[in-house]
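# Secondary and tertiary structure notes
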Amino acid sequence: MNKVSSDQELDLIVWSLIQGSSNALDFLDYLRHTLNRPGQQEEAFQAASKFWANKNEPRHFYKAVAALEEMAEEGNDIAMFHLGRWYRLGYGVAVDADKGLAWYRKGAEAGSSRCLINVARCAAKDDVPAAIALFRKAAVEMGDLSAHCFWADFDKENYDQHMQLAASSGDPFSMYSLAHERLKKLNDADAAEPWLDMLKSAAQKGESYACTQLGQIYRDGHHGVAKDHEVSLYWLNKAMALGNEAAYVILGRDLLAKDEELGINYLKRAAMLNDAFAQSILGQHQAWYGKCREDQLDGVLWLRASAQQGHKYAINKLAEALQNGRGPEVEKNEVLIWLQKGASLGMADCQSSLGIAYIKGEIMDRDEEKAHNLFHLSSLQGDAWGTYLLALTYENGHGTAKDLVQAFKCFKMSAEKGELKAAHKLGLAYLWAEGVEEDIPAAAKWLKTAASAGHADSQAYLGMLFSYGHGVEENAEIALYWLQLSAKQESAIGLRELARLYEAGEGVDTDMAEATKLMAKAASLGDEKAKAWIDKKYPNKPDWLKGLGSLSDKKFSDDE
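What you see is a predicted model, and the numbers here were worked out from it, not measured in a lab.

Basis of the calculations
- As a convention, each chain's residues are numbered from 1 in the sequence order in which they are written.
- It should be noted that, the model being predicted, local features are given only for residues of pLDDT at least 70 and side-chain atom pairs only at 80 or more, the latter also being counted only at that level, while totals for whole chains, interfaces and linings use all residues.
- Only hydrogens and water are removed before side-chain values are computed, so all heavy atoms of the structure are retained for them.
- Secondary structure elements are taken from DSSP: a helix is a run of H or I of four residues or more, a strand is a run of E of two residues or more, and numbering for both begins at the N terminus.
- Using C-alpha atoms as the atom set, the radius of gyration is obtained and then compared with a globule rule of 2.2 Å times the number of residues to the power 0.38.
- Buried means the residue's accessible area, taken with a 1.4 Å probe over protein chains only, is under 20% of the maximum for its type, while exposed means over 50%, and partly exposed covers the values in between.
- The contact criterion used throughout is that any non-hydrogen atoms of two residues lie within 4.5 Å.
- Computed with the Shrake-Rupley method and a 1.4 Å probe, the accessible areas treat only the protein chains shown as cover for residues.
- Here the positive residues are Lys and Arg and the negative ones are Asp and Glu; neither His nor the chain ends is included.
- In plain terms, the charge of a residue is placed at NZ if it is Lys, CZ if Arg, CG if Asp and CD if Glu.
- We define a nonpolar core as any set of buried Ala, Val, Leu, Ile, Met, Phe, Trp, Tyr and Cys residues linked to one another through side-chain atoms lying within 4.5 Å.
- For a helix, the expected span equals 1.5 Å multiplied by the number of residues minus one.
- Any carboxyl oxygen of Asp or Glu that lies within 4 Å of a side-chain nitrogen of Lys or Arg is treated as forming a salt bridge with it.
- A residue's pLDDT is the confidence the predictor assigns to it, expressed on a 0 to 100 scale.

So, on to the overall build of the protein. Within the protein, the regular secondary structure consists of 31 helices and 0 strands. In summary, the protein has a C-alpha radius of gyration of 32 Å against a globular reference of 24 Å for 560 residues, an excess of more than 25%. Each of the three principal axes of the protein carries a C-alpha extent, and together these read 100 × 55 × 45 Å. Relative to its full complement of 560 residues, the protein shows a buried share of 50%. Sequence separation of at least 24 residues holds for 50% of the intrachain contacts in the protein that already meet a minimum separation of 6. Roughly 26600 Å² of accessible area belongs to the protein as shown, and the carbon and sulfur atoms make up 49% of that amount. If the 62 positive side-chain charges of the protein are averaged to one point and the 81 negative ones to another, these points end up 2 Å apart.

Structure, rendered in structure tokens:
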């Protein structure tokens, strides 16, 4: 075994020792170990997926650890390097920084420059001058110029010189690092060309993150480069073949709408490697679009895994999924715990959701003032939804003095950022002169904005403007168009006003049966005017008109 002379030869030994395992963790550790080197990645991913539920089965990676330790004891510095890395990062073994450093030191003593570089990286945490001396030894005495790539972080005055020296060595990671740094500020294709060439050289040498960056560049047209789907796909596929989880995330997310099965497969591969972003995307997709209950439960599990890593998007989406019954809570008040965590991290969505929870008082004691303050925090961050909710507190006097002028201002800010419910409220404010002078043209503008985007009540009010000729020329045909759209979405207002058209024969033939049917539906949804119409027209109601629903006490909700 001591004759192993390359990383690839060592990889073959590791694979031979773990391929009979039924534990997914063995294959995931193999994938982490072989990143940037071609190997049995496809077989490992398939095995990890197959045995995903078997993480309590006996592990085989200990065999690889034992084999490398035997080689290392016989003086093999390649084995020493990988043992150092395994213990430092926890591949197949528990994380043990001291053991990792010990193996790096043995490798350095055996003449391995990359082991010495890692000894220097570890030393830099406590003793920068000592680390620089070790970097210098690796670069100058041992001739490994890639040491400059790490040395650069501790010698900012000579940063560029270090990075150029490192890249000149032909080391793929150093070339990628320099090209990545240079491309950050370049949007001109000609200026970016030499650094793109360097990035391509690094990618061709097996640096998977260079492959991934090239895939993104051609996918999105960065740095003045024309978008090219085929070229992007080439580089992303190359990155995936080298085990790069970021490439799986990019392609997986893109494929969800085109080839859902393949997209999910790619995202799961990255998620299994503990990529929090992949877990959040996969979790959200499965929790809400999964084809069966099992898919939804898996989605919640992935969201929880991502949230436990502190991924902000997942924290809010997990709370939302749990609130909507997409999966069970694993501890009492889990929803509240995640909302509080997200809010404390400054997440506007969580602040808004937590505020709503305080208003509703279902999972915690009702506290309107705390709700108002949370909405205020969300609004201060420019969040349109939080600003809309803040407006509602001013409108209704929840946790603050009732202030229609301030409510109007907040509705306007939110509407201008695209919040449709705010656009509807803003239209009504102009229409009814609440917090602002009456302005029918402005009311029509904002109601039309919300109505065109599908807001049912805005469609109803816009229809009413044309039906009654309020600020616009009376037009039964246009009124009918908007009221029909509103009624299809079961807006009580839209149903009621459409019924009036059928009653009066405006834009349609008079049809009292249809009018009664629509009014009854509106009344059943709680519309008081519709109920009054029913009572007046049918004082002795037939059975089918009895027991119509009534509006519950007005509550502050997401639907308001």
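There is more to say, and it comes next.
The next subject is the nonpolar core. Formed by 96 residues in total, the largest nonpolar core has its most connected members in Leu 10, Val 14, Phe 27, Leu 68, Leu 83, Trp 86 and Leu 199. A per-element tally of this core places helix α5 (residues 77-89) first, with 7 residues. In this structure, Leu 83 is in contact with Val 65, Leu 68, Glu 69, Ala 72 and Trp 103, ignoring residues within four places of it in sequence. In this structure, Ala 343, Ala 407, Phe 466 and Ala 520 belong to the second largest nonpolar core, which totals 79 residues.

A few words on helix α19 (residues 312-323). The terminal C-alpha atoms of α19, which comprises 12 residues, lie 17 Å apart, in line with the 16 Å expected from a rise of 1.5 Å per residue. All of the buried residues in α19 are Ala 314, Ile 315, Asn 316, Lys 317, Leu 318, Ala 319, Ala 321 and Leu 322. In the core, the buried residues of α19 are packed alongside α17 (276-289), α18 (293-308), α20 (334-344) and α21 (348-360). Gly 325 sits one or two residues past α19 and shows a positive phi near 70°.

Scanning all chains against the criterion turns up 22 salt bridges. Arg 219 serves as the salt-bridge partner of Asp 254, at 2.7 Å between the closest nitrogen and oxygen. Of this pair, Asp 254 sits in helix α15 (residues 245-255) while Arg 219 sits in helix α13 (residues 208-220), and the two are 35 residues apart along the sequence. Its salt-bridge partner being Glu 260, residue Lys 291 comes within 2.4 Å of it at the nearest N-O pair. Within this pair, whereas Lys 291 is found in the loop between α17 and α18, its partner Glu 260 is found in helix α16 (residues 260-272), the two being separated by 31 residues in sequence. By sharing partners, the salt bridges in this structure join Asp 26, Asp 29, Arg 32 and Arg 59 into a single network.

One can find Ser 174 in helix α11 (residues 172-183). If near-sequence neighbours (up to four positions away) are discounted, Ser 174 is found in contact with Ser 146, Cys 149, Ala 166 and Ala 167.

Residues with a pLDDT of 70 or more make up 96% of the protein, whose mean pLDDT is 94. Every residue in residues 550-560 is under pLDDT 50, and counting partners more than four places away or in other chains gives 27 contacts.

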